[in-house]
Amino acid sequence: MKNPVIGIGLEGCDPVLLEEWMAQGHLKNLKKVRDRGAYGRLSNKFPYSGGHADCFATEPLWGMALTGCYPTKTGFWDAVRFHPETYTVSPDKIYHQPDYPHVHELGETYRVITFDVPVTRISDKVNGWQIQGWGGHFPWPPSLSKPEGLLTEINQKYGSDPLLYKDDGKWWNKQYVKWVPGAIQQSANLRARICCDLMQRQPWDLFLTVFGDIHAAGHDLYDQSLPDHPLYPLRKKEAAVPNPLLQSYQEIDEAVGKIIDNLPENAYLLFFSVHGMAPNHTDVLSMFTIAELLYRFSFPGQVAMGAGKAGATPPPYVSKPIRKGWGGEIWRTMQANPIQKLINTWAPKRWVRSPKKGLLSPYELKRNEVAMDWSPTMLYSGAWPEMKAFAIPAFANGHVRINLQGRERDGIVPPSEYDALCEELTQVFYRLRDARTGQPIVKQVVRTRQSPLEDQENSRLPMADLVVVWHEIPTDVVDSPDFGRIGPVTMNRPGGHRPRGFLLAQGPGIEPGSDLPEGEAVDLAPTILSLLEAPIPGHYDGKPLIQISTAPLV
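The structure displayed is predicted, hence computed values, not measured ones.

**Some thoughts on the sheet that holds strand S17 (residues 442-447)**
Argument step 1. Sheet architecture is open: 4 strands sit in the order S14-S15-S18-S17, paired in antiparallel fashion. The open sheet terminates on both sides in strands that have one partner only, identified here as strand S14 (389-392) and S17. Averaged over neighbouring strand pairs, the angle between their axes works out to 25 degrees when direction is ignored.
Argument step 2. One ladder, built from 3 bridges, connects strand S15 (residues 398-402) with strand S18 (residues 466-470); its direction is antiparallel. Each residue of the ladder has a partner; that of Gly 398, found in S18, is Val 468.

**What about helix H2 (residues 28-36)?**
Argument step 1. Where H2 is concerned, the buried positions are Asn 29, Leu 30, Val 33 and Arg 34. Down the axis of H2, the sector holding all buried residues measures 145 degrees, keeping them to one side.

**As for the confidence of the model for the protein chain**
When pLDDT drops low, the exact placement of atoms in the prediction is not to be read closely.
Argument step 1. Counting all residues, the mean pLDDT for the protein chain is 93, and 95% of those residues have values of 70 or more.
Argument step 2. Confidence drops under pLDDT 50 across residues 549-554; counting only partners more than four residues distant or on other chains, this segment forms 13 contacts.

**Considering unusual backbone geometry**
Argument step 1. Note the cis peptide between Lys 146 and Pro 147, where omega equals 10 degrees.
Argument step 2. With respect to the secondary-structure elements, Pro 147 resides in the loop between strand S9 (144-146) and helix H5 (150-158).
Argument step 3. Omega for the peptide link from Gly 487 to Pro 488 comes to 5 degrees, which places this bond in the cis form.
Argument step 4. The backbone phi angle of Val 119 is positive, close to 60 degrees, even though this residue is not glycine.
Argument step 5. Structurally, Val 119 can be placed in the loop between strand S7 (107-115) and strand S8 (126-132).
Argument step 6. Given the relative accessible area of 3%, Val 119 is considered buried.

**Re the sheet that holds strand S16 (residues 433-434)**
Argument step 1. Reading across the sheet, the 4 strands line up as S13-S20-S19-S16 and stay open at both edges, with antiparallel pairing between neighbours. Each edge of the sheet is formed by a strand with only one pairing partner; in this case those strands are strand S13 (307-308) and S16.
Argument step 2. Relative to strand S20 (residues 484-486), strand S19 (residues 478-480) is paired through 3 bridges, and the arrangement is antiparallel. Pairing of Ser 480 across the sheet is with Gly 484, part of S20.
Argument step 3. Here helix H10 (residues 283-298) sits on the sheet and contacts S13, S19 and S20; the angle it forms with S20, its principal contact strand, is near 150 degrees.

**As for the pairing of S15**
Argument step 1. Among the 5 residues of S15, 5 are classified as buried, and the element is accordingly described as predominantly covered.
Argument step 2. Residues Gly 398, Val 400 and Ile 402 line one face of S15 and the alternating positions His 399 and Arg 401 line the opposite face, and both faces are buried.
Argument step 3. Note that S14 and S15 share 4 bridges and pair antiparallel. When the sheet's bridge partners are listed, Ala 391 is paired in S15 with Val 400.
Argument step 4. Once S14 ends, the chain turns through 5 residues before running back antiparallel as S15.

**Description of the packing of aromatic side chains**
Argument step 1. The full count for this structure, using the stated rule, is 21 aromatic pairs.
Argument step 2. When the centroid spacing of 6.1 Å and the interplanar angle of 75 degrees are considered together, the rings of Phe 82 and Tyr 87 count as edge-to-face. For the residue pair Phe 82 and Tyr 87, the accessibility class agrees, reading buried in each case.
Argument step 3. Arranged with centres 5.6 Å apart and planes meeting at 50 degrees, the rings of Phe 115 and Trp 134 form a pair that is tilted. Of this pair, Phe 115 sits in strand S7 while Trp 134 sits in the loop between S8 and S9; the two residues are 19 residues apart in sequence, bridging distant segments of the chain. Of the two residues, Phe 115 and Trp 134, both sit in the buried class.
Argument step 4. If you follow Arg 191 out to its NZ or CZ, it ends over the ring of Phe 115, 4.9 Å from the centre.
Argument step 5. Here the basic side chain of Arg 191 rests over the ring of Phe 211, its NZ or CZ set 5.7 Å away from the ring centre.

Quick notes on the rules
Residues numbered from 1 in each chain as written. Predicted model: local features only at pLDDT ≥ 70, side-chain atom pairs only at ≥ 80, totals over all residues. Heavy atoms only, no water. Pairing = 2+ DSSP bridges. Helix = DSSP H or I, 4+ residues; strand = E, 2+ residues; numbered from the N terminus. Axes fitted to C-alpha atoms, helices over the stretch in contact; angles between N-to-C directions. Buried < 20%, exposed > 50% of the residue type's maximum accessible area, 1.4 Å probe, protein only. Arc of directions from axis to C-beta. pLDDT = per-residue confidence, 0-100. Contact = heavy atoms within 4.5 Å. Phe/Tyr/Trp six-rings, centres within 6.5 Å; stacked < 30°, edge-to-face > 60°. Lys NZ or Arg CZ within 6 Å of the ring centre and 35° of its normal.

Right, here's the structure in full:
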């Protein structure tokens with residue numbers, strides 16, 4: 001008789017906070033699992049051709065966790081796809097590479113239940129129930145189930161997830177800030193009840209689910225909760241409790257306790273997170289600063305937004321934003337005459353236009369239903385065909401695309417100049433400084449191609465030619481000795497991703513209180529298969545982190 005395996009993703013749960021709050025007795029159920037089982041950290045990097053770089057974008061990490069493979073095989077590098085024939089982008093948040101199937105696609109031999117597992121699709125290779133899009137942190141897979149009526153039945157019995165497609169508010173929206181903690185608690189409680197229901201309906205060998213509630217809590221509550229956030233002195237007064245992020249962790253700990261109480265005695269229980277959460281150090285830099293920098297690089301002497309005097313003492317952080325959306329807040333910083341600045345700040349949206357080369361207002365983007373219209377990167381998209389290099393929207397590291405002749409529709413950079421341009425941009429990035437501290441903000445710049453001709457030979461390359469990894473310094477204003485000051489601008493989401501995750505496990509043969517070796521997201525799939533005593537595919541890049549049984553390679 002097989003030992004069943006249940007994997008519970010605590011998406012965005014940070015191991016630093018988890019360890020601290022377990023030790024302090026705040027997370028009683030997770031602490032019990034720690035005492036009864038094993039624990040270890042995950043640390044994630046992408047293997048680009050030019051070197052390894054920190055990886056902490058949600059979708060590609062889930063792709064790695066569920067397939068046991070790096071994107072070098074799957075091609076699932078990011079959640080955004082750039083189309084060089086049209087200079088447009090589109091979300092790419094569903095994994096669709098049949099050559100490297102998900103860990104739960106086990107065929108008829110194993111009975112499986114999946115409930116809201118990210119980046120997945122309903123699969124005919126799963127013997128069991130599948131539910132996607134009941135909830136989670138902005139799940140892109142459509143809300144479906146197999147059998148077809150199961151999701152409808154679940155919604156009728158328990159209701160839909162209160163967070164579904166709604167946890168994208170702004171920290172300066174008092175109504176949203178008041179609403180979101182309660183929605184997080186309700187979401188976690190409903191998910192736990194549904195999991196207990198599904199587990200008891202029929203036998204299963206593998207059960208996978210993901211709590212996206214912690215992800216929402218980390219993004220939305222960090223600034224009110226912990227003093228290492230730069231806005232904490234301004235935001236702590238808004239908090240309904242002293243530490244709303246801790247309270248959300250405790251509520252989710254209580255919810256998963258219900259699942260723990262309903263598990264078979266012989267089950268393996270895995271809690272894991274593919275990335276952590278800390279003060280947001282990437283949104284401003286990867287979605288705005290890098291785009292403005294490349295605009296100035298491509299159009300010498302031109303400044304679009306965020307103009308300022310390098311070296312001067314920056315003004316205080318923006319604490320009272322005016323526009324409802326972040327794009328509108330960035331747009332207010334456009335360098336223009338006093339009348340235009342007044343219009344950008346206070347005028348009705350229909351009057352807001354761009355006097356600058358190629359720039360598109362956030363209101364034009366939304367009116368024209370441009371993909372990812374909320375991202376400040378897209379404000380520059382009208383100028384991309386005339387730029388030597390431009391920023392592609394990104395959720396973690398900065399992504400730079402070279403406007404290459406023969407690859408882009410209107411490419412202006414000859415392949416013979418590709419290497420020199422990549423090196424020139426690399427040095428420009430390394431010279432950037434946080435204007436508030438003087439510290440360098442770029443940790444690493446990685447090339448994703450050895451030559452521009454690789455695109456003709458490999459369709460699974462990243463969309464970016466250069467990947468910029470930032471130091472973990474939350475900032476709103478950057479100085480460049482080459483192109484002046486950029487910012488300050490309004491900060492976006494309070495919490496941001498980190499490349500650290502964890503695995504917490506208990507079950508037969510796992511020594512209580514033991515430590516696991518440090519692993520990566522790609523190690524989660526082979527670990528699950530090993531505990532199931534299922535064959536581990538020979539193409540896996542990951543390895544089992546828990547050695548209980550010997551599973552044959554196939």
